[in-house]
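Below are the chains, spelled out letter by letter.
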Amino acid sequence: MSELGRPAGLTGKHVLVAGARRTGASVVDVLLGLGARVTVADADPAQLASLEDRKTELTTDLASLPAGCDLVVTSPGFRPDSPLALAARAGGVEMIGEPELAWRLGQDPAVCPDGPPRWLAVTGTNGKTTTTGMLEAILLAAGEDAVACGNIGLPIVDALRAGHRVLAVELSSFQLEWSPSVAPSAGAVLNVADDHLDWHGSMAAYAAAKARVLRGGVAIAGLDDERAAALLRAAPARVHVGFTRGEPDPGQLGVRRDAGILLDRAFPDEGDRRGTGLAALADIAPAGPPGEANALAAAALARAHGVPAEAVAAGLRAYAPGAHRGAVVAESNGVRWLDDSKATNPHAAAASLAAHDRVVWVAGGILKGAHVDDLVLAHRGRLAGVVVLGVDRAAFLDALARHAPEVPVVDVGGGDDGPMDPDPMTAAATAAASLAHPGDVVLLAPAAASMDMFRDYAARGDAFAAAAQRVAGVREPVADPGAGS
């Protein structure tokens, strides 16, 4: 990995890096290479121990700034009202996130003498990772020196150090909160639904954070989502582009159903008065409404960058969805078991439920301030049964009792509010099997975060897959036919 050029602005400055996990460690390496003095703060001594070989100062104090601190670079988990943020504000010290640091470094000729890399950025309540992966596949199919980075996994500063010229950047609302000047070449808001309201404090604040991705040259948003469409109408970008799963108007991307294609009427090829066909719906994975919307957003960002239609088609054919996004993990006695653990909020769970006619739903976890009444009301007709677990399961139980009293429900406990089964996911899978009949789908679409019972959504999905295979008597996982090869 190459070293960055050294801008004068950080040499000799004292920077506090808040958070010592993967991104924090990358930020530390970049700052040390730029000649900064670095202090690292993390509540976990084990995380700090992993940085002992760096020339840094280490602290578990997350409520105050070290003496002489000039800048704070924070992990996304620190809220604007956290003790550290309040201390920075009181001391007149700027606090930014890793994306903002990467953005500023990329604009500096000393760091990027060939000019700043192009940022094509994605945010939204749901579908960010899939869209970013699709975008990376399209860019690579076009021969671009591109990489997916940001919230998807690879720190943006590492993409910058590697010298990539086009960045497919996934940005969460937490990251955008700490990104005051990031203005991507093109940015997309997929959708905006209730999520992380406990962190942002209100829906307005959450939406305002998402809107920051629309400050660059081209603003893109999903027109089928009213909140996203409203952000697009208010965006300061020079060019506005909407995408829809319906027939597109001029200036939009959409779907021509009779031809089974994605259609571009925002960046049409010369002579294509009725729009340019980009890709076959049959080539999109995951199939269904969420996959189509994600593909449209990725295509819009790529076309804003000048990618030809054939590369859009090739990239979407090559893309394979990640794990825990509706994968079939077991099948037995006419019942399919699907892992959509990535459905960590009601909006994502609604899309997952809507794809099936009859479902035994496994749900629950940490709701983060969201409500599930509308979700239950909208999908009660397809529920063959519900298994609830996790710390906020009472909200699910109450909504089901009010809106779907005829649906059988099993509460397997869990979370931090009392005794629970030592293997809650096996208990959940056993209960789900007792409710399922041939032709049903047992669907893990929790509508909630996982950290009350599991390390993360991936660990939750893995536990569900293993439990499903045990209960269903399947020795090997069943490949997801929509995931590609």
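Procedures and definitions
Residues numbered from 1 in each chain as written. Predicted model: local features only at pLDDT ≥ 70, side-chain atom pairs only at ≥ 80, totals over all residues. Heavy atoms only, no water. Pairing = 2+ DSSP bridges. Helix = DSSP H or I, 4+ residues; strand = E, 2+ residues; numbered from the N terminus. Axes fitted to C-alpha atoms, helices over the stretch in contact; angles between N-to-C directions. Contact = heavy atoms within 4.5 Å. Parallel < 35°, antiparallel > 145°, perpendicular 65-115°, else oblique. Left-handed = near helix turned anticlockwise from the far one by under 90°. Nonpolar A, V, L, I, M, F, W, Y, C, P; charged D, E, K, R; others polar. Phe/Tyr/Trp six-rings, centres within 6.5 Å; stacked < 30°, edge-to-face > 60°. Buried < 20%, exposed > 50% of the residue type's maximum accessible area, 1.4 Å probe, protein only. Right-handed = clockwise from strand over helix to strand, strands pointing away.

**Looking at the sheet that holds strand β3 (residues 57–59)**
Piece 1. The strand order β3-β2-β1-β4-β5 describes an open sheet built from 5 strands, whose pairing is parallel. Across the chains shown, the open sheet's two edge strands, defined by having one partner strand only, are β3 and β5 (94–97). Taking each pair of neighbouring strands and ignoring which way they run, the sheet shows an average axis angle of 25°.
Piece 2. The pairing of strand β2 (residues 37–41) with β3 spans 3 bridges and is parallel. Within β3, the residue paired with threonine 39 across the bridge is glutamate 57.
Piece 3. On the sheet, helix α1 (residues 22–33) packs against β1 (14–18), β2 and β4 (71–74) and is oriented at approximately 170° with respect to β1.
Piece 4. Set on the sheet, helix α3 (residues 83–90) makes contact with β1, β4 and β5; between it and β5 the angle comes to about 135°.

**Re the packing of α1 against helix α4 (residues 98–107)**
Piece 1. Running from amino to carboxyl end, α1 crosses α4 at an angle of 30°, the nearest separation of the two axes being 11 Å. Looking at the two axes, α1 sits roughly parallel to α4. Here the hand of the crossing between α1 and α4 comes out left-handed. Residues Thr23, Val27, Val30 and Leu31 of α1 touch α4, and the partners they reach there are Glu98, Leu101 and Leu105.
Piece 2. For the contact of α1 with α4, the class distribution of residues is 5 nonpolar, 1 polar and 1 charged.

**Some remarks on the packing of aromatic side chains**
Piece 1. All chains considered together, the criterion is met by 3 aromatic pairs.
Piece 2. Judged by centre distance (5.2 Å) and plane angle (90°), the ring pair of tryptophan 103 and tryptophan 119 falls under edge-to-face. You can see tryptophan 103 sitting in helix α4 and its partner tryptophan 119 sitting in strand β6 (residues 118–123), a full 16 residues away along the chain.
Piece 3. Overall, tryptophan 103 belongs to the buried group, its relative accessible area being 13%.
Piece 4. Judged by its relative accessible area of 2%, tryptophan 119 falls in the buried class.
Piece 5. Relative to phenylalanine 396, the ring of tryptophan 361 lies with its centre 6.0 Å away and its plane at 70°, an arrangement referred to as edge-to-face.

**What to know about α4**
Each α-helix winds once per 3.6 residues, and so residues spaced three or four apart point in a common direction.
Piece 1. Counting buried positions along α4 gives 8 out of 10 residues, so the element sits mostly inside the fold.
Piece 2. Within the sequence span of α4, burial applies to Glu98, Pro99, Glu100, Leu101, Ala102, Trp103, Leu105 and Gly106.
Piece 3. Residues of α4 that are buried in the fold lie against α1, β4, β5, β6, α6 (156–161) and α7 (173–177).

**Overview of the pairing of strand β18 (residues 383–388)**
Piece 1. With 6 of its 6 residues buried, β18 lies for the most part within the structure.
Piece 2. Relative to β18, strand β17 (residues 359–363) runs parallel, the two sharing 5 bridges. What sits directly across from valine 359, in β18, is leucine 383.
Piece 3. Across 3 bridges, the pairing between β18 and strand β19 (residues 409–411) is parallel. Bridge assignment links valine 388 to a residue of β19, and that residue is aspartate 411.
Piece 4. In this fold, the crossover linking β18 to β19 by way of helix α15 (residues 393–403) has right-handed handedness.

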